[in-house]
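Here is what each chain is made of, one letter per residue.
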Amino acid sequence: MSAILALGITGATAQQITYPTKNISVIIPKNPGGGTDTSTRLTLEYAKQYLPSGIIFVPENKPAGNGVTGLIELAHAKPDGLTLGTTTVELAMFPHQKKAPVTYADFTPLVAQIADPCAVVVRADSAYKTLQELIDAAKAEPGKIQVANSGAGAIYDLATSNIEKKFGVKFKHIPFNEGTGPSIAALVGGHVDAVITTPGSAKSQVDAGVLKILGVMDDHRFALFPDVPTFEEALGADAGVAMRAWAAIAAPADLDPAAKEQLVAAFKAVLANPEYQEAMKKQGIVPGTLVGDDVAKMMQADHDLYKELIAEAK
């Protein structure tokens with residue numbers, strides 16, 4: 001037992017964040033209560049054990065301008081590790097839509113606490129029982145099938161466009177600019193044929209037997225719904241369409257190397273914590289696995305993907 005406790009103490013010490021002499025501000029560019037806010041606050045709650053005594057994380061929601069104001073403030077902050085913030089997948093879109101003057105290159109990614117795939121969801125009593133049936137019907141009657149999303153030009157709208165491009169089909173896009181909740185409500189009410197969202201966003205309705213997930217846009221199955229196939233499994237070996245809704249805690253670009261090393265190590269320990277993983281899953285969120293430079297690669301890849309998709313949509 002003494003040996004086990006010693007190992008535990010050694011592990012905690014190895015992740016200790018030693019640099020801050022005052023509290024660390026954390027900008028959350030979204031409204032309270034959503035997945036980005038919840039996952040950020042939960043991640044910080046488990047990371048606080050690695051801070052020096054008396055030092056805390058101080059999260060603040062700054063959703064103005066659809067989050068652009070908060071992103072700009074974070075990008076322009078001093079790169080000393082005392083100001084962090086949550087970036088989201090919109091960061092890969094906004095520059096190409098002329099909505100924001102910042103890109104992934106303006107940040108130092110630390111941890112992606114969310115990286116959930118997009119998914120195609122229908123009513124449980126839908127005529128489309130499989131993803132193949134939905135695609136076949138869309139080919140037979142272009143523009144007839146109504147697919148809801150969380151807003152024109154947002155990730156789920158672009159995911160719909162990506163499916164159209166990949167499979168040579170045409171849907172009728174139904175944007176709900178108020179967000180994901182209203183788009184799912186429209187599907188539950190039978191006002192649209194399908195919705196593109198994340199699996200976790202529809203979890204309660206799927207668990208209740210009201211909705212059904214036909215497929216996920218990823219190269220592996222989603223942990224909360226292991227029976228749901230990927231696009232590749234459902235539609236064939238060349239049908240891979242990977243699109244994900246992510247949220248990642250980051251610092252300004254050129255973060256002090258020592259601060260980056262300590263923060264990445266601490267967040268890596270958080271992701272590996274079984275209690276944290278279970279707490280995230282209770283919120284309908286599959287905890288992320290990427291830290292540091294791997295997050296940067298994901299952000300750059302999505303920046304390039306949305307550059308192409310948005311250019312084609314014009």
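Residues numbered from 1 in each chain as written. Predicted model: local features only at pLDDT ≥ 70, side-chain atom pairs only at ≥ 80, totals over all residues. Heavy atoms only, no water.

J.: So what exactly am I meant to see when it comes to the pairing of strand β5 (residues 119-123) here?
T.: A regular strand carries its side chains on alternate faces of the sheet. Counting buried positions along β5 yields 4 of 5 residues, so the element is predominantly enclosed. Bridge count between β5 and strand β8 (residues 194-197): 3 bridges; the pairing is antiparallel. Each residue of the ladder has a partner; that of Val121, found in β8, is Val195. Direction of pairing for β5 relative to strand β9 (residues 211-216): antiparallel, over a ladder of 5 bridges. Directly across from Val121, in β9, lies its bridge partner Ile213. (Buried < 20%, exposed > 50% of the residue type's maximum accessible area, 1.4 Å probe, protein only. Helix = DSSP H or I, 4+ residues; strand = E, 2+ residues; numbered from the N terminus. Pairing = 2+ DSSP bridges.)

J.: What should I look at first to understand the sheet that holds β8 in this one?
T.: Sheets are built from strands that pair by backbone hydrogen bonding, the pairs being arranged parallel or antiparallel. Taken in spatial order, the 5 strands of this open sheet run β7-β6-β8-β5-β9, and their pairing is mixed. Both outer strands of the open sheet, β7 (172-175) and β9, are each paired with one neighbouring strand and no more. Ignoring which end each strand starts from, the neighbouring axes of this sheet average 30 degrees apart. When strand β6 (residues 146-149) meets β7, the two strands line up parallel, connected through 4 bridges. Looking across to β7, one finds that Val147 is bridged to His173. The strands touched by helix α6 (residues 180-188) within the sheet are β5, β6, β8 and β9, with β8 carrying the most contacts at an inclination of about 155 degrees. (Axes fitted to C-alpha atoms, helices over the stretch in contact; angles between N-to-C directions. Contact = heavy atoms within 4.5 Å.)

J.: Is there a simple way to think about the packing of aromatic side chains in this case?
T.: Going through the model one piece at a time under the given rule, you end up with 2 aromatic pairs. Measuring from ring centre to ring centre gives 5.5 Å for Tyr46 and Tyr276, while their planes differ by 70 degrees; the resulting arrangement is edge-to-face. Of this pair, Tyr46 sits in helix α2 (residues 35-47) while Tyr276 sits in helix α10 (residues 274-282), placing them 230 residues apart in sequence. Each of the two residues, Tyr46 as well as Tyr276, counts as buried. Each ring, one from Phe167 and one from Phe231, has its centre 6.1 Å from the other, and the planes form 35 degrees; the classification is tilted. Here Phe231 lies in helix α8 (residues 231-235) and Phe167 lies in helix α5 (residues 155-167), a separation of 64 residues in the sequence. Across the pair, exposure class does not vary: Phe167 and Phe231 are buried alike. (Phe/Tyr/Trp six-rings, centres within 6.5 Å; stacked < 30°, edge-to-face > 60°.)

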